[in-house]
Structures are given as C-alpha cells and as structure tokens.
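Here is what each chain is made of, one letter per residue.
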Amino acid sequence: MTELKVAFIGECMVELQQQENGLRQSFGGDTLNTAVYFSRISQNAKASYVTALGRDALSEQMIATWHADNIDTHLVQRLEDKLPGIYMVQVDETGERSFLYWRNDSAAKFWLERASDALIEELTNYDVIYLSGISIAVLPEASQEKLFQVLAQCKNNGAKVVFDNNFRPALWQSKQQAIDAYAKVLACTHTAMLTFDDEQEIYDDAHIEQCIERTLALGVSELVIKRGSKDCLIVTEDGAISVPATKVANVVDTNAAGDSFAAGYLVARLHGANTEQAALTGHKVAGTVIQHKGAVIDAAHMPKIQLLFTADAV
C-alpha cells in the first residue's frame, strides 16, 4: 500500500502540569497530540506537523520529541524572533482539567503569515489535512482567510480535510467570529469530528439533530459527534450509527481524550476500517490515554491496535 501523507496543522506548547511535588514540564497541543498518537499506531501513513517554532532550547526539545515519535518536521518553520507558547493544566479529583495560557505572541501564530509559496504548494498536495478550531483561532484574521483558501485548494487537489471543532472561547473575539470561521472550514471538510458540548456552547443547540443538519448542509461527508463517556454518533450518507465508549474505571486525566480518539479513528479509517470499527479503535486509544497523566502518555502504555480491516478506506 502506498504511504499516505497526512499533515497536522496547529500549535504545540510547553505544558506545565501541577503535581504534588511541583510542576511537570512536557509538550502538548491538540493537533500535536493527535499527530503523536496517529504516528504511534499507523502503519502506512507519514505524519507531518505544520507549525512554527523559535530557535530556543525548548523549541529544540520539541523537535527532538517529535522525531522520537517519527513525526516529520520539514514543514515546521523556525522563527528567530519568536518563542513557543506555554499552558498550565490543573486537574481536579475527577480527572477533569482546566487551563491557563501564555501564548499571545507564540511562534505558531505566524506560521502561515511567513510561509513560503513552496511550503504552501507542498501542503496542498498532501493526502489528508487535519486541523482544529484552535488551529484557526490562534491565527490573525488575515492568516485565517489565507488558511481557508489553502484548505479549498487542498480539497480541489483531492485531499481529505479532517476538522475537529475544539472550541476555546478565549481565543475568539466573539461566538459569531467562530461560527463564520467554522462554516468556511466545514465547507472544505470531508470528515468533521465535533465535540457536542462545544457545538452547544457555540450554537446553543438544544438537540443533536441541529448539529447534524447544520454540518451536513455545509457538505461534510462524514460526521463524528463525540460525547465524552457516552456513545459517539457517526453520520454518513449510509445513515447514523451509535458506538459505545470504552468503560474506564480509573480516570486519571481526561487531557487529550478527544485528540487521541481522533487519532485512533483516523488511523483506522485510513487502514480500511468502516466507521464502527474506527470508532471502537478511537475509544480504545482514548480509554488508555485517560488512565495516565499528561496530554501525551509514555509510548510504553499505548494499547495494542490490530489494523486488519477489509472495508474501503476513507
């Protein structure tokens, strides 16, 4: 099977996590988390990360960490005058987390503004483009508009665009700005992975049918609605199915639950799984991740995934 090229667009940040004996420092970011888990379990696809970093020691450590997980970084720009952003994770006794951010001038905000024509041309010829609401929100408005144009070109060139809504209100000037941006991205999207809680926060949905109708009307072919520990709902032209989540008794940290689910789902689909098989794979990965601290768990804790599917790939 020909190796697929999958580009993950976004921002990786320095992660600080409060622990009993002080702070634990690592690296994380929603699309980066997905790229790592994707790379760890995929067998026929190369994960490339698209962002910008500085030339500082922390940026060098990030690059080294990504290489250790076989993530391609040749599309990562290095900016002499910028640094990576920082965020702190605070986790309560139930495993739920809250965040504090320092990212207003992070290098990742400027990746598209300073991208060469050659980089953009290469990106538009990837097989799959994965991004999130955060990938858009961290960019200045002019870069957001440029990104929409790039995604439209990716779609025209035959790429599958995969979008995770991942809504962070503090990153948007208003809900309406987010609504307008999401509509433009979804118009280019093949597979939408939407957290229903976020959809309700953005659109004030009272019923899940509102989310389904709105998203499909924008041309999305495959809709995956994530509902935490509840069943996820998948809607395609063949109808809708509900797939139960993996039951986890010992939830330690829900950070990256949705990111890791997306990785498992996408890998399975690209390896020939049908939507139910893909959702079960996503649940298995996420169910493992939430039993450990941090956005990216140690590779030794990764579940065994059998990618032996016979259905048509996405």
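Our structure's up above, just so we're on the same page.
What comes next concerns the included structure. (Residues numbered from 1 in each chain as written. Predicted model: local features only at pLDDT ≥ 70, side-chain atom pairs only at ≥ 80, totals over all residues. Heavy atoms only, no water.)

1. Overview of the overall build of the protein chain
The line we're drawing: Counting from the N terminus, the helices are DSSP H or I runs at least four residues long and the strands are E runs at least two residues long. The reference for a compact globule is 2.2 Å times residues^0.38; the radius of gyration itself is calculated from the C-alpha atoms. For every residue, the accessible area (1.4 Å probe, protein chains only) is compared with the maximum for its type, and the residue is labelled buried under 20%, exposed over 50%, or partly exposed between those bounds. Contact definition: two residues touch when any of their heavy atoms are within 4.5 Å. For accessible areas, the Shrake-Rupley method is used with a probe of radius 1.4 Å. Any residue's cover is judged against the shown protein chains and nothing else. In this count, Lys and Arg are taken as positive residues and Asp and Glu as negative ones, while His and the chain termini are left out. To locate a charge, take NZ of a lysine, CZ of an arginine, CG of an aspartate or CD of a glutamate.
Along its length, the protein chain carries 10 helices and 14 strands. A globule of 314 residues ought to have a C-alpha radius of gyration of about 20 Å, and the protein chain, at 18 Å, matches this closely. Counting only C-alpha atoms, the protein chain reaches 50 × 45 × 45 Å along its principal axes. In the protein chain, buried positions account for 55% of the 314 residues. Contacts in the protein chain between residues far apart in sequence, at least 24 positions, make up 70% of those at least 6 positions apart. Here the protein chain displays about 13600 Å² of accessible surface, and carbon together with sulfur accounts for 48% of that area. Of the charged side chains in the protein chain, 26 are positive and 41 negative; the average position of the first set lies 2 Å away from that of the second.

2. Some remarks on the pattern of salt bridges
For the record, the criterion: Whenever a carboxyl oxygen of Asp or Glu lies within 4 Å of a side-chain nitrogen of Lys or Arg, that contact is scored as a salt bridge.
Using the criterion set out here, one finds 12 salt bridges in the structure. With a shortest N-O distance of 2.7 Å, Glu11 and Arg103 are connected by a salt bridge. Within this pair, whereas Glu11 is found in the loop between β1 (4-9) and β2 (13-19), its partner Arg103 is found in the loop between β8 (97-102) and α3 (117-123), the two being separated by 92 residues in sequence. Owing to a relative accessible area of 5%, Glu11 belongs among the buried residues under this scheme. Residue Asp205 is joined to Arg214 by a salt bridge in which the shortest nitrogen-to-oxygen separation is 2.8 Å. The exposure class assigned to Asp205 is buried, which follows from its relative accessible area of 6%. Linked through salt bridges whose partners overlap, the residues forming this network are Glu199, Asp205 and Arg214.

3. Some remarks on empty space enclosed by the protein
How we decide: Using protein atoms alone on a 1 Å grid, points that fit a 1.4 Å probe yet trap it form a cavity, whereas open point sets bounded by protein on both sides within 12 Å along at least five of seven lines form a pocket; residues with an atom within 4 Å of a point count as lining. Grid points are joined across faces, edges and corners, and a volume is the space filled by probe spheres set on the points. Each residue is assigned to one of three groups, with Ala, Val, Leu, Ile, Met, Phe, Trp, Tyr, Cys and Pro labelled nonpolar, Asp, Glu, Lys and Arg labelled charged, and all others, Gly among them, labelled polar.
Applying the stated criterion across every chain yields a total of 2 cavities of 30 Å³ or more. The calculated volume of the second largest cavity comes to roughly 30 Å³. If you go around the second largest cavity, the residues you meet are Glu11, Cys12, Thr51, Ala52, Leu53, Pro84, Gly85, Ser106, Ala107 and Ala108. Here the lining of the second largest cavity is built from residues that sort into 6 nonpolar, 3 polar and 1 charged.

4. What to know about the pairing of strand β10 (residues 160-164)
As a general feature of sheets, a regular strand has side chains that alternate between the two faces. The test is simple: In short, DSSP must find at least two bridges between two strands for them to pair. Crossovers are marked right-handed if the path from the first strand over the helix to the second runs clockwise, as seen with the strands pointing away from the viewer.
Here β10 lies mainly inside the structure; 4 of its 5 residues are buried. With 5 bridges joining them, strand β9 (residues 128-132) and β10 adopt parallel strand pairing. Looking at β10, one finds that Tyr130 is bridged to Val162. One ladder, built from 3 bridges, connects β10 with strand β11 (residues 191-195); its direction is parallel. Looking at the pairing, Phe163 lines up with Ala192 of β11. Crossover connection from β10 via helix α6 (residues 175-186) to parallel β11: handedness right-handed.

5. Looking at the packing of aromatic side chains
For the record, the criterion: Classification of ring pairs uses Phe, Tyr and Trp, with its six-membered ring standing for Trp, and accepts pairs whose centres are within 6.5 Å; under 30 degrees between planes counts as stacked, over 60 as edge-to-face, and the remaining range as tilted. In our convention, an over-ring charge means Lys NZ or Arg CZ found within 6 Å of a ring centre and within 35 degrees of that ring's normal.
Per the counting criterion, the structure on display carries 7 aromatic pairs. Directly above the ring of Tyr126 sits Lys5, whose terminal nitrogen or CZ lies 4.8 Å from the centroid. Cation over ring: Arg114 sits above Phe110, and NZ or CZ is 5.6 Å from the ring centre.

6. Considerations on the sheet that holds strand β13 (residues 232-236)
Put simply, the rule reads: Orientation is described by lines fitted to C-alpha atoms, with helices fitted over the stretch in contact, and by angles between N-to-C directions that extend from 0 to 180 degrees.
Spatially, β4-β1-β9-β10-β11-β12-β13-β14 is the arrangement adopted by the 8 strands of the open sheet, whose pairing is mixed. Pairing within the sheet leaves two strands with one partner each, and these edge strands are β4 (45-50) and β14 (239-243). Taking each pair of neighbouring strands and ignoring which way they run, the sheet shows an average axis angle of 15 degrees. The pairing of β1 with β4 spans 6 bridges and is parallel. Counterpart to Ala7 in the pairing with β4 is Ser48. Relative to β4, helix α1 (residues 30-41) is tilted by about 160 degrees, and along the sheet it contacts β1, β4 and β9. Against the sheet, helix α9 (residues 257-270) engages β1, β9, β10, β11, β12 (222-226) and β13, with an angle of about 150 degrees to β12.

7. Details of the nonpolar core
What counts is decided by this rule: Note on terminology: a nonpolar core comprises buried Ala, Val, Leu, Ile, Met, Phe, Trp, Tyr and Cys residues joined through side-chain atoms within 4.5 Å.
In terms of nonpolar packing, the biggest core is built from 52 residues, with Phe8, Phe38, Tyr49, Trp66 and Tyr265 touching the most fellow members. Per-element accounting of this core gives the leading share, 8 residues, to α9. Beyond its immediate stretch of four places on either side in the chain, Tyr49 contacts Phe8, Gly10, Glu11, Cys12, Thr31, Leu32, Ala35, Trp66, Ile71, Asp72, Leu75 and Val76.

8. So, the layout of surface pockets
As a volume, the second largest pocket reaches approximately 300 Å³. Broken down by class, the residue content of the lining of the second largest pocket amounts to 9 nonpolar, 2 polar and 3 charged.

9. A closer look at unusual backbone geometry
With a phi angle near 60 degrees, Asn70 is a residue other than glycine that sits in the positive phi range. Along the chain, Asn70 turns up in the loop between α2 (57-68) and β6 (77-78). In the Ramachandran plot, Asp204 falls in the positive-phi region, its phi being about 60 degrees despite a non-glycine side chain. As for its placement among the helices and strands, Asp204 is situated in the loop between α7 (196-203) and α8 (208-217).

Limitation: the analysis is restricted to geometry and does not speak to function.
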